[in-house]
Amino acid sequence: MTPKRLKLTTILGLLVGAALLLLAWTQQWVVLTTQNLTVTADGDVAAPALAALALAGVALAGAIAIASPLFRVILGVSQVALGLTAALHCVLTIANPVAASASAVTAATGIDGDASVAAAVSAASLSAWPWVAFGGAAIATVGGVAILIGGSRWPGSTRRHTVVRFAEASAAPAPLGDWDSLSIGDDPTSDRPDENGIGDWRTPGESDDPASR
């Protein structure tokens, strides 16, 4: 796989991982049964930080597309940390769904405290969405590792920059042509030779009126 294709694949992987995290965060994760009612907890209750981590992954994917090799290393480390943090949230929910959904039980029953909530819940079941979120976190982590391993060989940004150079304009540009001379009050024929090849013989200030001579 060429470095360009590897770069594109990694960026797409980061976006897919972030999309899975964000989608799973909006779905139902846990179903809890108490003595007299059933309580459900969505991803925003069981793993509330996933939305922020998913949005950070999207922003990081955009930054990776234009980052220099040095910043790719920094972003790669950040992406690995992001993916591992998201995976940890998923693992905690899968390992103990009652504790992860305690706030939902408290809101529905008024029972507070981890021990009291655990005693009130008779059964708890997980949907597939925590595992989907874990898969998204795994993709995000692998994308960060790929950045660290091959990011230095990726091609740079293809954006073209246009250099604009400014030249200092002259304060009073010289008039061009006879019409420009007339527009500023000069006679363009005053310095031209007559039909005999002789230039203007009058002295400065002498009038054209014969009576004045």
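So, here's what we can say about the structure. As the structure is a prediction and not an experimental result, all values here were calculated from the model.

The rules behind these values
- Residues numbered from 1 in each chain as written.
- Predicted model: local features only at pLDDT ≥ 70, side-chain atom pairs only at ≥ 80, totals over all residues.
- Heavy atoms only, no water.
- Buried < 20%, exposed > 50% of the residue type's maximum accessible area, 1.4 Å probe, protein only.
- Helix = DSSP H or I, 4+ residues; strand = E, 2+ residues; numbered from the N terminus.
- Pairing = 2+ DSSP bridges.
- Core = buried A, V, L, I, M, F, W, Y, C linked by side-chain atoms within 4.5 Å.
- Axes fitted to C-alpha atoms, helices over the stretch in contact; angles between N-to-C directions.
- Parallel < 35°, antiparallel > 145°, perpendicular 65-115°, else oblique.
- Left-handed = near helix turned anticlockwise from the far one by under 90°.
- Contact = heavy atoms within 4.5 Å.
- Nonpolar A, V, L, I, M, F, W, Y, C, P; charged D, E, K, R; others polar.
- 1 Å grid on protein atoms, 1.4 Å probe; cavity = no way out; pocket = protein on both sides within 12 Å on 5 of 7 lines; lining within 4 Å.
- Points joined across faces, edges and corners; volume = space filled by probe spheres on them.
- Patch = residues over 30% accessible without salt bridge, like charges linked within 9 Å, V, L, I, M, F, W, Y side chains within 5 Å.
- Areas by Shrake-Rupley, 256 points an atom, 1.4 Å probe, with all protein chains shown as cover.
- Salt bridge = Lys/Arg side-chain N within 4 Å of Asp/Glu carboxyl O.
- Expected span 1.5 Å × (residues − 1).

On to the pairing of strand 2 (residues 38–42). Consecutive side chains along a regular strand alternate between the two faces of the sheet. Taking every second residue as pointing to the same face, the buried face of strand 2 carries Val39 and Ala41, while none of Thr38, Thr40 and Asp42 on the other face is buried. Linking strand 1 (residues 28–33) back to strand 2 in an antiparallel pair, the connection comprises four residues.

Bringing the nonpolar core into the picture now. Judged by nonpolar contacts, the single largest core of 25 residues is most densely connected at Leu21, Trp29, Leu32, Leu50 and Ala133. Secondary-structure elements contributing two or more residues to this core are helix 1 (3–25), strand 1, strand 2, helix 3 (50–66), helix 4 (69–95), helix 5 (97–100), helix 6 (102–109) and helix 8 (129–150). Sort the elements by how many residues they give to this core and helix 4 lands first, with four residues. Listed in part, the nine residues of the second largest apolar core include Ile11, Ala67, Ile147 and Trp154.

With that out of the way, let us pick up the packing of helix 1 against helix 3. The interhelical angle for the contact between helix 1 and helix 3, taken along N-to-C directions, is 165 degrees, at an axis separation of 8 Å. In terms of orientation, helix 1 and helix 3 fall into the roughly antiparallel class. Like other packed secondary-structure pairs, helix 1 and helix 3 cross with a definite hand, here left-handed. Packed against helix 1, whose contacting residues are Lys7, Ile11, Leu14, Leu15, Ala18, Leu21, Leu22 and Trp25, the element helix 3 presents Leu50, Ala51, Ala54, Gly57, Val58, Leu60, Ala61, Ile64 and Ala65 at the interface. Residue composition of the contact of helix 1 with helix 3, by class: 15 nonpolar, one polar and one charged.

A few words on empty space enclosed by the protein. Applying the stated criterion to the full structure yields one cavity of 30 Å³ or more. Estimated volume of the largest cavity: approximately 30 Å³. Looking at the largest cavity, the residues that line it are Leu14, Gly17, Ala18, Leu21, Leu53, Ala54, Gly57, Gln79, Leu82 and Ala140. Where the lining of the largest cavity is concerned, the elements lending two or more residues are helix 1, helix 3 and helix 4. Top contributing element to the lining of the largest cavity by residue count: helix 1, with four residues. Broken down by class, the residue content of the lining of the largest cavity amounts to seven nonpolar, three polar and no charged.

Here we take up the pairing of strand 1. Of the pairings in the sheet, the one linking strand 1 to strand 2 comprises five bridges and is antiparallel in character. Bridge pairing links Gln28 to Asp42 in strand 2. Two strands pair when backbone bridges link them, and strand 1 and strand 3 (residues 123–126) are joined in this way by four bridges, in the antiparallel orientation. The residue bridging Thr33 from the neighbouring strand is Ala123, located in strand 3.

We now examine a nonpolar patch on the surface. Where nonpolar side chains cluster on the molecular surface, the patch consists of Val73, Val77, Val145, Leu148 and Ile149 and spans about 410 Å² of accessible area. Residue assignment for the nonpolar patch shows that the elements contributing at least two residues are helix 4 and helix 8. Ranked by the residues each element gives to the nonpolar patch, the list is headed by helix 8, at three residues. Relative to the elements of secondary structure, Ile149 occurs in helix 8.

As summarised here, the arrangement of the three strands in space is 2-1-3, forming an open sheet in which the pairing is antiparallel. Only two strands of the sheet have a single neighbouring strand rather than two, namely strand 2 and strand 3. Across the sheet, the mean angle from the axis of one strand to that of its neighbour is 20 degrees, orientation sign disregarded.

Taking 1.5 Å per residue, 23 residues should reach 33 Å; helix 1 reaches 33 Å between its end C-alpha atoms and fits that length. Among the residues of helix 1, those classed as buried are Lys7, Thr10, Ile11, Gly13, Leu14, Gly17, Ala18, Leu21 and Ala24. Its buried side turned inward, helix 1 meets strand 1, helix 2 (43–46), helix 3, helix 4 and helix 8.

Let us now look at the environment of Ala102. Along the chain, Ala102 turns up in helix 6. Between the alpha carbons of Ala102 and Ala118 there is a distance of 8.1 Å; along the sequence they are 16 residues apart. With residues up to four places along the chain from it excluded, the contact list for Ala102 reads Asp114 and Val117.

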